[in-house]
Amino acid sequence: MSAAPGPKANGSAYTARFRVWRGDADGGELRDFDVEVHEGEVVLDIIHRLQATQANDLAVRWNCKAGKCGSCSAEINGRPRLMCMTRMSVFAPDETVTVTPMRAFPVVRDLVTDVSFNYTKAREIPSFVPPPGLRAGEYRMRQEDVGRSQEFRKCIECFLCQNTCHVVRDHEENKQAFAGPRFLMRIAELDMHPLDSAEESGLDRKSAAQEEHGLGYCNITKCCTEVCPENIKITDNALIPLKERAVDRKYDPLVWLGNKIRRR
Amino acid sequence: MTQVERHTYDVVVVGAGGAGLRAAIEAREQGLRTAVICKSLFGKAHTVMAEGGIAASMGNANPRDNWQVHFRDTMRGGKFLNNWRMAELHAREAPDRVWELETWGALFDRTKDGRISQRNFGGHEYARLAHVGDRTGLELIRTLQQRIVALQQEDHERSGDYEDRLRVFQECTVTRVLKDGARVSGVFGYVRESGRFFVIEAPAVVLATGGIGKSFKVTSNSWEYTGDGHALALLAGAPLINMEFVQFHPTGMVWPPSVKGILVTESVRGDGGVLRNSDGKRFMFDYIPDVFKEKYAQSEQEADGWYADPDNHRRPPELLPRDEVARAINSEVKAGRCSPHGGVFLDVSTRLPAEEIRRRLPSMHHQFKELADVDITAEPMEVGPTCHYVMGGVEVDPDSAAATGVPGLFAAGEVAGGMHGSNRLGGNSLSDLLVFGRRAGLHAAEYAAELGTDDRPRVSAEQVDTAAAEVLRPFSVEGGEPESRTENPYALHQELQQTMNDLVGIIRRASEMTEALRRLADLRQRSRRAAVEGHRQFNPGWHLAIDLRNMLLVSECVARAALERTESRGGHTRDDYPEMDRRWRKTNLVCELASGDGELAAVDPADGQIRLTRRDMPPIRGDLLALFGKDELLKYLTDEELDT
Amino acid sequence: MATTETAGPSSGGVHAPGRAAIAARQLRTDRWWLAPAVTVTVLTVFVVYSTWRAFANADYYAAPYVSPFYSPCIATNCVNMKGGADLQIFGPWWGLSPALLVLIFPLGFRLTCYYYRKAYYRGFWAAPPACAVAEPHRKYTGETRFPLILQNVHRYFFYFALPFAVILTYDAALGFRDAAGHWGHMGLGTLVLLVNIVLIWVYTLSCHSCRHIVGGRLKNFSKHPVRYRMWTWVGRMNAHHMAFAWASLVMVALADLYVYLVASGAFADPKFF
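Residues numbered from 1 in each chain as written. Chains lettered and ligands numbered in written order. Predicted model: local features only at pLDDT ≥ 70, side-chain atom pairs only at ≥ 80, totals over all residues. Heavy atoms only, no water.

**Considerations on the confidence of the model for chain A**
Here's step 1: On average, chain A scores 92 in pLDDT, and the residues at 70 or more come to 94%.
Here's step 2: A low-confidence stretch, residues 1–10 of chain A stays under pLDDT 50, and its non-local contacts, those more than four residues away or across chains, total 22 contacts. (pLDDT = per-residue confidence, 0-100. Contact = heavy atoms within 4.5 Å.)

**Digging into the packing of aromatic side chains**
Residue and element names in this part refer to chain B.
Here's step 1: Taken as a whole and assessed by the stated rule, the structure comprises 42 aromatic pairs over all chains.
Here's step 2: Residues Phe188 and Phe197 carry aromatic rings whose centres are separated by 5.3 Å and whose planes lie at 45° to one another, so their mutual orientation is tilted. The two residues Phe188 and Phe197 agree in class, both being buried.
Here's step 3: Here Phe410 and Tyr447 contribute two aromatic rings whose centre-to-centre distance is 6.2 Å and whose plane-to-plane angle is 65°, an arrangement assigned as edge-to-face. With Phe410 in strand β18 (residues 409–411) and Tyr447 in helix α11 (residues 428–450), the pair connects residues that are 37 residues apart, well separated along the chain. Comparing Phe410 with Tyr447 shows no difference in burial state: the two are buried. (Phe/Tyr/Trp six-rings, centres within 6.5 Å; stacked < 30°, edge-to-face > 60°. Buried < 20%, exposed > 50% of the residue type's maximum accessible area, 1.4 Å probe, protein only. Helix = DSSP H or I, 4+ residues; strand = E, 2+ residues; numbered from the N terminus.)

**What about the sheet that holds β18 of chain B?**
Residue and element names in this part refer to chain B.
Here's step 1: Here five strands make up an open sheet; going across it, the order is β7-β3-β2-β11-β18 and the pairing parallel. Of all the strands in the sheet, just β7 (166–169) and β18 have a single pairing partner and so form its edges. Here the strands of the sheet are splayed against their neighbours by 20° on average, with no regard to which way each runs.
Here's step 2: Two elements, strand β2 (residues 11–14) and strand β3 (residues 34–37), share four bridges in a ladder whose sense is parallel. Opposite Val13, over in β3, you have Val36 as the bridge partner. (Pairing = 2+ DSSP bridges. Axes fitted to C-alpha atoms, helices over the stretch in contact; angles between N-to-C directions.)

**Describing the interface of chain C and chain A**
Here's step 1: Taken residue by residue, the interface counts 56 residues in chain C and 60 residues in chain A.
Here's step 2: Regarding the contact of chain C and chain A, the summed buried area is about 4800 Å², with carbon and sulfur atoms giving 49% of it.
Here's step 3: The largest contributions to the chain C side of the interface with chain A come from Arg19, Tyr140 and Lys219 of chain C, which together make up 15% of the buried area.
Here's step 4: Our enumeration of links across chain C and chain A arrives at seven salt bridges.
Here's step 5: Across the pair Asp248 of chain A and Arg217 of chain C runs a salt bridge, and its minimum N-O distance is 3.5 Å.
Here's step 6: Joining chain C to chain A, the criterion identifies 41 residue pairs in polar contact (both at pLDDT 80 or more).
Here's step 7: Those elements giving two or more residues to the side of chain C that touches chain A turn out to be α4 (114–123), α5 (154–174), α7 (208–216) and α8 (225–238) of chain C.
Here's step 8: Tallied by class, residues from the side of chain C that touches chain A come to 24 nonpolar, 17 polar and 15 charged. (Buried area = accessible area lost by both parts, 1.4 Å probe. Salt bridge = Lys/Arg side-chain N within 4 Å of Asp/Glu carboxyl O. Polar contact = N/O pair within 3.5 Å; in protein donor to acceptor, adjacent residues only side chain to side chain. Nonpolar A, V, L, I, M, F, W, Y, C, P; charged D, E, K, R; others polar.)

**Structural notes on the domain arrangement of chain A**
Residue and element names in this part refer to chain A.
Here's step 1: Along its sequence, chain A is carved into domain 1 (14–113) and domain 2 (116–263).
Here's step 2: Between the C-alpha centres of domain 1 and domain 2 the distance comes to 32 Å.
Here's step 3: Taken together, the contacts link 16 residues of domain 1 with 16 residues of domain 2.
Here's step 4: Counting the surface lost from both domain 1 and domain 2, the interface buries some 1100 Å², and carbon and sulfur atoms represent 57% of this.
Here's step 5: At the boundary of domain 1 and domain 2, one finds one salt bridge.
Here's step 6: Residues Glu75 and Arg169 are paired through a salt bridge, measuring 2.8 Å at the closest nitrogen-oxygen approach.
Here's step 7: Mapped onto the side of domain 1 that touches domain 2, the elements with two or more residues apiece are β3 (73–76) and β4 (79–82).
Here's step 8: Ranked by residue count, the leading element in the side of domain 1 that touches domain 2 is β4, at four residues.
Here's step 9: Its residues assigned to classes, the side of domain 1 that touches domain 2 comprises eight nonpolar, three polar and five charged. (Domains from an automatic or database assignment.)

**Concerning the pairing of strand β1 (residues 13–24) of chain A**
All names here are of chain A.
Here's step 1: Bridge count between β1 and strand β2 (residues 27–38): 12 bridges; the pairing is antiparallel. The partner of Gly23 across the bridge, within β2, is Gly28.
Here's step 2: Counting the residues that bridge the hairpin from β1 to β2 gives two residues.
Here's step 3: In the sheet, β1 pairs with strand β5 (residues 97–100) via three bridges, with the strands oriented parallel. Within β5, the residue paired with Phe18 across the bridge is Val97.

**Structural notes on the sheet that holds strand β10 (residues 197–201) of chain B**
All names here are of chain B.
Here's step 1: Taken together, the four strands give an open sheet; going across it, the order is β1-β10-β9-β8, and neighbouring strands pair in mixed fashion. Since the sheet does not close on itself, it has two edges, and those belong to β1 (5–8) and β8 (172–180), each with one partner. Shown here is a sheet whose adjacent strand axes are inclined to one another by a mean of 25°, direction ignored.
Here's step 2: Together, β8, β9 (183–191) and β10 form the strand contacts of helix α15 (residues 540–564), whose direction differs from that of β8 by roughly 40°.

**Some points on the packing of α4 of chain C against helix α9 (residues 241–263) of chain C**
Residue and element names in this part refer to chain C.
Here's step 1: Where α4 contacts α9, the two axes come as close as 9 Å, and the packing angle between them is 80°. What the angle tells us is that α4 and α9 run roughly perpendicular. Between α4, through Tyr115, Tyr116 and Ala119, and α9, the contact on the second element is made entirely by His241, Met242, Ala245, Trp246 and Leu249. (Parallel < 35°, antiparallel > 145°, perpendicular 65-115°, else oblique.)

This is the structure we're talking about:
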């Protein structure tokens, strides 16, 4: 038994040129590494090999390595992706593979970023309001009624959509006002939940999405959908329907008039 | 005294998976100030990897299901080594725990009449697993996470501070449970991001750290699974039981090499998938053990009829408990009837329409497509056993989840032992997390609430200094003579994984395990010279060097207990003792720290750090025994046990 | 966008303090600029062409075919369309091209369409030009303020688009008459108008607002099985909204071009029967 690092060569192996960002909040640089690549490997394998052989203290956040936890988000050749789901076979052997941390969030060290923005936003979204009068075990919902929200609950919170959305990526100052695709989708999820009773309790999620969580900042350019590793149709199925629901509330003259009259 | 960040809480939960979050919710709902410590980010815990479902006898799919049937299945799956009281509580309370999730916003797949849909799984007599496609663990973790956020929002409403009564410490690792005399006084740990130390003073600590899979090479577990809670308990003086029982999930991916071990959910088989060898034969029919002969189909025709009409057909043998299927696959591979990459074929493509596969098994479809270039709707998967779960863990009181002998220490989930006996049924893990997570949180809160302010245990400065020195050690190791050169923690870890995989793996022999113990002793010595470069900020090499202590401790427990148990049962298979032995049925093997005082260095290297003792289990309550037929009990219990 | 000022590389965005200090504003190695470039080119060509044709006020009717730009034709200066949609609502005082009276509706429908918005925000405004490619603006308020907040009126344009689609369907049906008004004719022009109206219908019905109105706004589908069905259908079409948007845009221009060529005598409509 040997302690040779890495899996045994299975088929062809080659040496790839990696360019990895190393540094922290005070600065850093892209550094070049030549590293072995074996058949069937993903970018995260290569980062791990760098860790084990050339850069013991290379910081990288990861967890399940199966695309289920959403920890290893980074930017590979400028595109926001999960490192564990990016196969090396998509690159030509002579291509330089550049790996940087996500660029919309403050960097902690190397490939690790401070994603607390997302946890702050998560707290600002009002939670599920259980229907009064229904006890646990009495919930009845049809599959067709839960399907929409279930799609959004596939979200693994990798925050790639939050990272790629130009509203905050390119405009730090918008972070205050804008919840980001992941959390606007959370509002849509709750608003489409067949038993959510926010409305009965006086909370209008549709208007709140626009007035408090920055739905209007979204200009539906669909980058969130493009980078979603779970293939959730964030824009088409969550954000646009949410915009339409806000229109129901705020720009539909009949609804507006009705509300005015009812309030009197 | 060492510079540390200090906090004071009533209850500290170490671990933020299903059990940890459920415990934290309960403690906070009891009105106590609660802290949760996650090793990774909030919501990323290993629970998200659970795919199939949550076992709970709600009876939505088959009204004949009830807690007694679930209890029976659990005991059978664990080959009667389960702590019967835990199995009983688990079966009784699981439905309430699942329904409760719905009131927090969970959206399970539905039956036609709008109830929670339930699916078939290995070892469960009826379709019993509440599920969401094949991402049930994610739903569970997200629901609990969102429940915590909801509680924080309540606190914010009340006091203006989200973290007033419930705070999540993200990316922190606990390295020691601190004690004041016999009692728990808090925890010591470090923040991964900054490397800074922290101490949380708290009279009650709930361990919910999950498993030990990262000690094995081929595993479905993530890096977090380094046996931290097992080691913390040992070091705090609490015993572990059943450590010889490690579950190898029968179906992990085998190719490509970089994903070897990643889980392929049992739902593939529950929904109709079959196992074939390289001859195309459905080999599981050859591997039905005697104890299960009456329950499983003998022909393909009978097995296939079961999916549509379970009342008049027996179950297909692909749905035997996991230990049986894993052993069968292992035997086929050893006999040379294996797939090109050393596994067997798991085929669902010829069993269900493509559309149906994509609907029922979306993440499996995605996983194989993305990682292996295999379209599971058109071709079979290649699978083989992978280290998945440890049945052993902290010995706890079944009702309160309190660890033996250490007041204030509680354990729930995979880190606790006893519930699953020698083998866990699929789906029983998620329900275990919820049932015992809640109980641990509840009793930890009660314990903490009963203490008066003057009565609270105190953290000693000396213990903090010792803990800090232990953690900092890898930075000060210096290479000198050739026999004391520094060691690379990554290399040590790889050697450990290889050792456990090869010598204490799915099939075990006395000679190999003796060799494993020798190697572990050697690794233990070398690990004291594990050195790291760089500084304390997010330094993975350092983190691994610290985790090695835990992996070496639990690996020794596994190897010692496995060597001692001279029979084959559930997740423990001995080549040299291939039969199940009724005399072993009521015996737990108990691991304790040999030094007894939490000190590791002083122990003689040859002796190891673990002391192993045998302990008899309490006899099963009569009304629960009566749920089984006498013939069946005869296979498990000794004659004198049956007479009394 | 509306309130943005163009600026060079700044200290904001990906260069904001605290973020990883990477000099390049973006590191993409693929041809990310291709999609916005194509968008800009095609849309520009279309705008130039349609502006010319809208103002031309000529060669828009070649019996039995009418250009989709000029239908319905609602001024007295329209040519006689022999039973077509020339409604003469506006009196002789209207001296400009009658197309200008109606084009605002299909134009508005497309301008506020969720897909076109994406296309031109990316292509013309570069907000953003492509994913993870830094945009050149110092400030961004999206659709929160005037005028872009008006994008929210999309659904009203959708309502207007429906009668237009009906009228163009009628036009296409009239294509089965010959130049003298007798039924039983089909030429290449008939086919062109048919394809055009089919694409207009799928584009219109696959609209996000339509999807919302037919069922998307419901909380419980199970209580409205018919609307759920419709929502499912529209949803299926909606997945291809982008393809329909481009296809119908190109086709409507081609249909007009065809009528123009026939009306101006540059080309004789081949007759099938």
